[in-house]
Amino acid sequence: MAGGGSTRFGEDKALVEFDGQPMLLRMRELLSGVVGEVTVIASEAKYASIGVESVADQWPGEGPLGGIITALTLSARATRPIQWNIVTGCDMPFLTPDSIMFLAERASASTAQVIVPRSASGLEPLCACWKTGAHQKLQGAFDKGVRKITEAMRQLDMEILDEPVWKRFDTAGRLFWNMNTPADYREAQKVLRAGQT
């Protein structure tokens, strides 16, 4: 998901460099190691300058729920069956391949429609596994005016992963941390530098 306006950040978060590459490319590389195909939901041609094709959000400016529905609908229309989708934001610098693989493996054994971690901040829907068929119920909620992801999720059968389940991937408490402001970005850079010394 890279369709946000980055208004608090002041520039496009997907293009800021982290560990030597734009965040969007870093996230695409991370996910490519786990899933068969990575699709970027953003304005068409928005990231052509860095060689990334994107699929336009069907409801630009309406928040990330519309982007999730766009992604799931795209999977539902794919020529080959896609049962599960890992959805992440493009601004999560401390996600790890192991944590993404864990989500994927958990999904393959689940009967839920969404598998979502819960941290001290609450549910983490932008680092979750969504079943393709969930797009219909999400669309129904969206059509009724719901824009908050966690509210729309109430329509689904959820499997919630509490801290004891995922903590082994996050000993420093940063797994779901995202960069919303320039201060967040500076802090992430500081953490990265400290880990490299």
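Structure first, text after, so check above.
As a starting point, this report considers the structure included with it. (Residues numbered from 1 in each chain as written. Predicted model: local features only at pLDDT ≥ 70, side-chain atom pairs only at ≥ 80, totals over all residues. Heavy atoms only, no water.)

## Describing the packing of aromatic side chains
- Inspection of the entire model under this criterion finds six aromatic pairs.
- Ring plane angle 85° and centroid distance 5.9 Å describe the contact between phenylalanine 18 and phenylalanine 94, whose orientation is recorded as edge-to-face. Taken together, the residues span a long stretch of sequence, with phenylalanine 18 in strand β1 (residues 17-18) and phenylalanine 94 in the loop between β5 (84-88) and α3 (97-108) at a distance of 76 residues.
- Looking at phenylalanine 18, the relative accessible area reads 0%, which means it is buried.
- By relative accessible area, which is 17% here, phenylalanine 94 ends up buried.
- Consider the rings of tryptophan 59 and phenylalanine 142, whose centres lie 4.8 Å apart with planes at 45°: the pair is tilted. (Phe/Tyr/Trp six-rings, centres within 6.5 Å; stacked < 30°, edge-to-face > 60°. Helix = DSSP H or I, 4+ residues; strand = E, 2+ residues; numbered from the N terminus. Buried < 20%, exposed > 50% of the residue type's maximum accessible area, 1.4 Å probe, protein only.)

## Points about the packing of helix α2 (residues 64-76) against helix α4 (residues 135-143)
- It is the contact of α2 with α4, at a shortest axis distance of 9 Å, that shows an interaxial angle of 145°. The element α2 and its partner α4 pack so that their crossing is left-handed. Residue-level contacts link Leu65, Gly66, Ile68, Ile69, Leu72, Thr73 and Ala76 of α2 to His135, Leu138, Gln139 and Phe142 of α4.
- Here the contact of α2 with α4 is built from residues that sort into seven nonpolar, four polar and no charged. (Axes fitted to C-alpha atoms, helices over the stretch in contact; angles between N-to-C directions. Left-handed = near helix turned anticlockwise from the far one by under 90°. Contact = heavy atoms within 4.5 Å. Nonpolar A, V, L, I, M, F, W, Y, C, P; charged D, E, K, R; others polar.)

## Quick notes on the layout of surface pockets
- Here the largest pocket is characterised by a volume of approximately 990 Å³.
- What lines the largest pocket is a set of 46 residues, and nearest its centre among them are Lys13, Pro64, Asp91, Leu126 and Asn178.
- At the level of secondary structure, the elements contributing two or more residues to the lining of the largest pocket comprise α2, α5 (149-152) and α6 (163-166).
- Its residues assigned to classes, the lining of the largest pocket shows 20 nonpolar, 15 polar and eleven charged. (1 Å grid on protein atoms, 1.4 Å probe; cavity = no way out; pocket = protein on both sides within 12 Å on 5 of 7 lines; lining within 4 Å. Points joined across faces, edges and corners; volume = space filled by probe spheres on them.)

## A look at empty space enclosed by the protein
- Scanning the entire structure with this criterion turns up one cavity of 30 Å³ or more.
- The volume enclosed by the largest cavity comes to roughly 60 Å³.
- For the largest cavity, the full set of lining residues is Leu95, Ser99, Phe102, Leu103, Pro117, Cys127, Leu161, Trp166, Phe169, Leu175 and Phe176.
- Of the residues forming the lining of the largest cavity, the biggest block, three residues, is contributed by α3.
- Classifying every residue of the lining of the largest cavity by side-chain character gives ten nonpolar, one polar and no charged.

## Here's the deal with α3
- Given a rise of 1.5 Å per residue, twelve residues ought to cover 16 Å, and the 17 Å separating the end C-alpha atoms of α3 matches this to within 8%.
- Restricting attention to buried positions, one finds in α3 the residues Ser99, Ile100, Phe102, Leu103 and Ala107. Along the axis of α3, the buried residues cluster in a sector spanning 155°; they form a single face. For α3, exposure combined with an orientation more than 90 degrees from the buried face picks out Asp98 and Ser108.
- Tucked into the core, α3 has its buried residues touching α1 (23-32), β5, β6 (114-119), β8 (127-131), β9 (158-161) and α6. (Expected span 1.5 Å × (residues − 1). Arc of directions from axis to C-beta.)

## Notes on the side chain of threonine 73
- Following the sequence through the fold, threonine 73 ends up in helix α2.
- Note on threonine 73: relative accessible area 6%, which makes it buried.

## Things to note about the pairing of β9
- A one-sided burial pattern is seen for β9, the buried positions being Glu159 and Leu161 and the unburied ones Met158 and Ile160.
- Pairing of β6 with β9 involves four bridges; the strand directions are parallel. The residue bridging valine 114 from the neighbouring strand is methionine 158, located in β9. (Pairing = 2+ DSSP bridges.)

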